[in-house]
Amino acid sequence: MITPDVRRFGAVKDTLKSFGLPRIIIVVFLVLLWAISMFLEIPFPQLLSDTLVRWGMNGVLVLAMMPSILAGTGLYFGLPIGIICGLLGGVIAIELNLVGITAFFAAIAFSIPFAFVLGWVYGFMLNRIKGSEMTVATYVGFSIVSLMCIFWSMAPFKSPAMAWPIGRGLRVTISLADRYEKVLNNFLSFNIFGIMIPTGLILFLLLMCLIVVLFFNTKTGIALKAGGENPRFAQSSGINVDTMRIVGTIFSTVLGAIGILVYSQSFGFIQLYTAPLFMGFLAAAAILIGGASIKKATILHVLLGTFLFQGLLVVALPVANKVATLGSLAEISRIIVSNGVILYALAQHSGD
Amino acid sequence: MKQTDIQTMDPIPSPAHEKRITPDKVKRFLINNLVTILFVILCAVGLRLSGLSMAFYLNDIVSRFARNSFLVLALIIPVMAGMGLNFAIVLGAMAGQGAIIFVTHWGIAGMNGILLSVLICTPIAILLGWMTGRLLNRARGKEMITSLILGFFANGVYQLIFLIMVGSPLIPMKNEVLVLSSGVGLRSTIDLSGGLRYAIDDVIRTPFPQFVMYLSLIGALYLVSVIIRMRSGKVMVQQYSKKRLITLFLLLLAAMIWGLVTSLSVSMINSVRVPAFTMIIIAVLCLFNIFIVKTKLGQDFRTVGQDQHIAEVSGINVSRTRVLAIVMSTLLAAWGQIIFLQNLGAFSTYGSHEQVGMFASAAILIGGASVSKATVGHAILGTILFHTLFIVSPLAGRNLFGDAQLGEYFRSFVAYGVIGVALGLHAWKKLMQAKNQKKV
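Residues numbered from 1 in each chain as written. Chains lettered and ligands numbered in written order. Predicted model: local features only at pLDDT ≥ 70, side-chain atom pairs only at ≥ 80, totals over all residues. Heavy atoms only, no water.

Asks: Before we go on, may I ask you to explain the overall build of chain A in this structure?
Replies: Looking only at helices and strands, chain A has 15 helices and four strands in total. When the 352 residues of chain A are sorted by exposure, 55% land in the buried category. For chain A, the share of sequence-separated contacts (at least 6 apart) that also reach a separation of at least 24 residues comes to 75%. Accessible surface computed for chain A: about 15200 Å², of which carbon and sulfur atoms make up 70%. (Helix = DSSP H or I, 4+ residues; strand = E, 2+ residues; numbered from the N terminus. Buried < 20%, exposed > 50% of the residue type's maximum accessible area, 1.4 Å probe, protein only. Contact = heavy atoms within 4.5 Å. Areas by Shrake-Rupley, 256 points an atom, 1.4 Å probe, with all protein chains shown as cover.)

Right under this line is the structure:
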């Protein structure tokens, strides 16, 4: 016999389960850190502004996980591929000596063809290795980053903003100070209660989300989702699942390219060479914290996850500094949290 | 039944058909060993471009082989159990490294220090292996990516322990050499000279030609014993074709003569000194990996590796067997890291374990292993080839492009690329097999 108490407890347990253990831990942890930061008299509005900026600058990269997950290719650990396309676009825009908002959108325009082609090739490859996408993607991503290291150090770019004064190749970090630094962040930005709202950045993120939502309501988008959910059923109802997987990968790659440009303009620097290596894992962790799994993801997961994850990273640094004067604690907690969350998600779906 | 198809695609030709070499067979051999063949070519070209002398190269490769092959050999058992490449040997390596750090702190040098490190790291590695195995059992079918991420995760915990906790009241440590000036956290490099450095390697050092001589002598003696047993009918004749035995024997004889002649003459190669004791330890592990297949446990590993369901039905505790495979691998990795570090002499506290899983996996794949099949031979060949690339690529990069950094980039591109390509090819083969089966 089930007493009402047990039943109620069961319902609570179900709700907790659907909310996801990592998400609960992160929320509790974040609130706790916020409380500590107030206690330590760290200016809260400053924290919140920083969180908003990092939310906007990382959001599109996290969004790039979504088409891949929905198309059934799992977490998009090939994100470095998209990032490299974005960096290429960004570098070309500087080489052409463009400035301001034009430069930013030109960079996006330049990067999209690269992302499209590479995404297509990559999606084609992923279709040959069904079942091992994530492992192979990780290493393909790593190896392309290393290959591009060779390219960056031999690239025939001439602009003095990027090239070494002597010798060949591009610098490791390229400043965007006189180019398109913070063009989105500063667009229509305003102050409220001491909190700086980066309007343009947030609007751009929401615009990207809107595009993704609209896409998933088109015929192709619905077919893509169906293919990811149940490939066999989709195939038998006339959907070409392999094509849909390629479409999903291309979409993810393009979003990755745009994402890194948004990130760079907010950060103020373009980071080349080995910088993109681990970005895929951080983006994956963010969407998982938002409540996504390796098979299911929504816009809400993207926005919430990015906010929670970045909020945690923003508050962790000053708190760690005040408590123990150990700067590395923030970096360490980032490693543990991001990889812990991915591990949790991987361990949830045994036997698939 | 069809699960064994992967095994039947093995590149090893059966002795009965050995004599005839058809174009089809050559093609198949080339395709099956594509990665290895490409690497042999790459290494040969790189060696030429680097302009290294033979003695210098030999010295380097012998030292690197002794340093690394134990870690590569630690990967074999999980592959046998069908769990793919265990990137989580990083955890074992951390246990070994942690033990070495504490032994260095206590100032215990030489062989005693090594033995103490082994004693300390063994229970920790077993515990970590057990936890890893449990986790991988929850992520069946995704073992490799899970073990990879677990390695990253564990690295965070490692940093937490050695950068934040050591020196604080949690793990008190007072040592001006090891600990940062703030009193908390270890310095980024640890020097083992005067302590554990070469503690295993220096037990016996033999000049390279002599080492080759002894090695081929042992090989020849083993061959003779096989021939004697064949005569008395204890060993099946088909197992070793006569032609093969004679060729092998002649090769060993040639190696022995070369060793003898070189060690008597004046040659730079005589200055290459092999850490023979380390080599013996490696050889023991090789034998262990070979003979475990013949035990009940080894058979369980293989059965589980081929089909978990069939294994379960035939009364094997699949989950337990898989955990055991990971425990053994983690433990071997812990010991392997001790061998690695004593040879290195000084190491980066927060870096030298990080890449262990990746480099070992790249090495064994280069040697011709796949996700479902790895042998001692693959591990040995792969370690030699991979480290040859390590030695030559910066020099080749400098000579070819005037920039050693380019060679380094190329090296990591190849290491990552090889893993990606090898894993991809394997997944593709499996998919094609599944498709073919469906058609039949």
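This is not the end of the story, as more comes after the structure.
Asks: Just to check I follow, could you spell out the environment of Gly305 of chain A for this structure?
Replies: Residues and elements named next belong to chain A. On the secondary structure map, Gly305 appears in helix α14 (residues 299–324). A sequence separation of 22 residues divides Gly305 from Ala283, and the C-alpha atoms of the two residues are 9.4 Å apart. Beyond its immediate sequence surroundings of up to four residues, Gly305 is in contact with Ala286, Ile289, Gly290 and Leu300.

Asks: Quick question: what am I supposed to make of the packing of helix α5 (residues 79–95) of chain A against helix α6 (residues 100–128) of chain A here?
Replies: Between two packed helices, what matters for the description is the angle formed by their axes and the separation of those axes. Residue and element names in this part refer to chain A. For the pair α5 and α6, interaxial distance at closest approach is 7 Å and the crossing angle is 145°. Our pair here, α5 against α6, has a crossing hand that is right-handed. Where α5 abuts α6, its residues Ile81, Cys85, Gly86, Leu88, Gly89, Gly90, Ile92 and Ala93 lie against Ala103, Ala107, Phe110, Ser111, Phe114, Ala115, Leu118 and Tyr122. Among the residues forming the contact of α5 with α6, the class breakdown is 12 nonpolar, four polar and no charged. (Axes fitted to C-alpha atoms, helices over the stretch in contact; angles between N-to-C directions. Left-handed = near helix turned anticlockwise from the far one by under 90°. Nonpolar A, V, L, I, M, F, W, Y, C, P; charged D, E, K, R; others polar.)

Asks: When you look at the packing of aromatic side chains in this model, what are you seeing that I'm missing?
Replies: How two aromatic rings sit relative to each other is given by the distance of their centres and the angle of their planes. Tallying each qualifying case throughout the model produces 30 aromatic pairs over all chains. Ring centres of Phe215 of chain A and Phe216 of chain A lie 5.2 Å apart, and the angle between their planes is 75°; on these two criteria the pair is classed as edge-to-face. Put simply, the rings of Phe77, Tyr139, Phe142, Phe278 and Phe281 of chain A together with Phe87, Phe152 and Tyr416 of chain B touch in pairs and so form one group of aromatic residues. Sitting above the plane of the Tyr198 of chain B ring, Arg205 of chain B keeps its charged end 5.1 Å from the centroid. (Phe/Tyr/Trp six-rings, centres within 6.5 Å; stacked < 30°, edge-to-face > 60°. Lys NZ or Arg CZ within 6 Å of the ring centre and 35° of its normal.)

Asks: What is the right way to look at the pattern of salt bridges in this model?
Replies: For side chains bearing opposite charge, pairing can occur when the charged atoms are close. Residues and elements named next belong to chain B. One pass over the full model with this rule turns up two salt bridges over all chains. With a shortest N-O distance of 2.8 Å, Arg322 and Glu143 are connected by a salt bridge. With a gap of 179 residues between them, Arg322 in helix α14 (residues 318–344) and Glu143 in helix α8 (residues 143–165) connect regions that are remote in the sequence. The class for Glu143 is buried, based on a relative accessible area of 8%. (Salt bridge = Lys/Arg side-chain N within 4 Å of Asp/Glu carboxyl O.)

Asks: Even after reading the chapter, I still don't get the interface of chain A and chain B, so can you show me in this structure?
Replies: A common measure of how large an interface is: the accessible area buried when the components associate. On the chain B side, the residues contacting the 42 residues of chain A number 38 residues. Of the roughly 3500 Å² buried at the junction of chain A and chain B (both faces included), carbon and sulfur atoms supply 77%. Across the contact surface, chain A and chain B share zero residue pairs in polar contact (both at pLDDT 80 or more). Residue assignment for the side of chain A that touches chain B shows that the elements contributing at least two residues are α6, α7 (133–152) and α15 (328–347) of chain A. A breakdown of the residues in the side of chain A that touches chain B according to their chemical character gives 24 nonpolar, 15 polar and three charged. (Buried area = accessible area lost by both parts, 1.4 Å probe. Polar contact = N/O pair within 3.5 Å; in protein donor to acceptor, adjacent residues only side chain to side chain.)

Asks: Sorry, what's going on with a positive patch on the surface here?
Replies: Taken together, Arg128 and Arg232 of chain A together with Lys435 and Lys438 of chain B make up a surface patch of like positive charges. The topology assignment puts Lys435 of chain B in helix α17 (residues 404–439). Assessed through its relative accessible area of 47%, Lys435 of chain B is described here as partly exposed. (Patch = residues over 30% accessible without salt bridge, like charges linked within 9 Å, V, L, I, M, F, W, Y side chains within 5 Å. Lys, Arg positive; Asp, Glu negative; His and termini not counted. Charge placed at Lys NZ, Arg CZ, Asp CG, Glu CD.)

Asks: Looking at this model, I keep getting lost on a nonpolar patch on the surface. Mind explaining?
Replies: All names here are of chain B. A cluster of nonpolar side chains, contributed by Val224, Ile228, Ile246, Phe249, Leu250, Leu253, Ile257 and Val261, occupies part of the molecular surface with about 700 Å² of accessible area. Looking at the nonpolar patch, the elements that each hand over two or more residues are α9 (208–231) and α10 (242–264). It is α10 that provides the largest number of residues to the nonpolar patch, a total of six residues. Judged by its relative accessible area of 51%, Leu250 is exposed.

Asks: I would appreciate a short explanation of the side chain of Gln97 of chain B in the present structure.
Replies: Residues and elements named next belong to chain B. Position of Gln97 relative to the elements: it lies in helix α6 (residues 89–106). Judged by its relative accessible area of 0%, Gln97 falls in the buried class. At 3.5 Å, the side chain of Gln97 and the side chain of Ser352 are in polar contact. Here Gln97 is in contact with Tyr158, Gln337, Leu341, Phe347, Ser348, Thr349, Ser352 and His353, once residues within four sequence places are set aside.

Asks: Would you mind showing me how to read helix α10 (residues 219–229) of chain A here?
Replies: In an α-helix there are 3.6 residues to a turn, and that puts residues three or four apart on one side. All names here are of chain A. Looking at α10, one finds that the buried residues are Gly221, Ala223, Leu224, Gly227 and Gly228. Along the long axis of α10, the arc covered by the buried residues comes to 165°, so they all point the same way. α10 presents Lys219 and Glu229 as exposed residues on the side facing more than 90 degrees away from its buried surface. (Arc of directions from axis to C-beta.)

Asks: What's the story with helix α7 (residues 110–138) of chain B in this structure? I'm lost.
Replies: Between its terminal C-alpha atoms α7 of chain B stretches 42 Å, which fits the 42 Å expected from 29 residues at 1.5 Å a residue. At Cys121 of chain B, α7 of chain B shows its strongest bend, of approximately 30°, with the proline Pro123 of chain B following within four residues. (Expected span 1.5 Å × (residues − 1). Bend = angle between axes of the 7 residues up to and from the residue.)

Asks: How should I be thinking about the packing of helix α9 (residues 199–215) of chain A against helix α12 (residues 241–267) of chain A in this particular structure?
Replies: All names here are of chain A. Where α9 contacts α12, the two axes come as close as 12 Å, and the packing angle between them is 175°. The pairing of α9 with α12 is recorded here as roughly antiparallel in orientation. Residue-level contacts link Leu201, Phe204, Met208, Val212 and Phe215 of α9 to Val247, Phe251, Leu255, Ile258, Val262, Gln265 and Ser266 of α12. Across the contact of α9 with α12, the residue classes tally to 10 nonpolar, two polar and no charged. (Parallel < 35°, antiparallel > 145°, perpendicular 65-115°, else oblique.)

Asks: Got a minute to help me understand the nonpolar core in this structure?
Replies: Inside soluble globular proteins, nonpolar side chains tend to come together where they are buried. Judged by nonpolar contacts, the single largest core of 239 residues is most densely connected at Leu75, Phe77, Tyr180, Ile287 and Ile342 of chain A together with Leu186 of chain B. The dominant element in this core, judged by the number of residues it contributes, is α12 of chain A, at 13 residues. Sequence-distant contacts of Tyr180 of chain A, defined by excluding residues within four places in its chain, comprise Gly90, Ile94, Gly100, Ala103, Phe104, Ala107, Leu261, Gln265 and Ile270 of chain A. Counting residues in hydrophobic clusters, the runner-up holds eight residues, among them Ala220, Met230, Leu245 and Met256 of chain B. (Core = buried A, V, L, I, M, F, W, Y, C linked by side-chain atoms within 4.5 Å.)

Asks: Where do I start with the side chain of Asp307 of chain B in this structure?
Replies: Residues and elements named next belong to chain B. If you trace the backbone, Asp307 turns up in the loop between α12 (296–306) and α13 (308–313). Buried and without a salt bridge, Asp307 has Arg140 as its closest oppositely charged side chain, separated by 9.8 Å. A distance of 2.8 Å separates a polar side-chain atom of Asp307 from the backbone nitrogen of His309.

Asks: What should I look at first to understand the state of the cysteines in this one?
Replies: Here is the idea: a disulfide is a covalent bond, and it sits between the sulfur atoms of two cysteines. Residues and elements named next belong to chain B. Going through the model one piece at a time under the given rule, you end up with zero disulfides over all chains. In this model Cys121 remains outside any disulfide bridge; the closest cysteine sulfur is found in Cys286, 19 Å from its own. Look at Cys286 and you get buried, because its relative accessible area is 9%. (Disulfide = S-S within 2.5 Å.)

Asks: So what exactly am I meant to see when it comes to the confidence of the model for chain B here?
Replies: In low-pLDDT segments, the atomic positions of the prediction should not be examined closely. Residues and elements named next belong to chain B. Residue-level pLDDT values for chain B average 82, and 92% of them are 70 or greater. Within chain B, α14 carries the highest mean pLDDT (92), whereas helix α1 (residues 5–8) carries the lowest (40). Taken together, the stretch residues 1–18 has pLDDT below 50 and engages in 25 contacts with residues farther than four places along the chain or on a different chain. (pLDDT = per-residue confidence, 0-100.)

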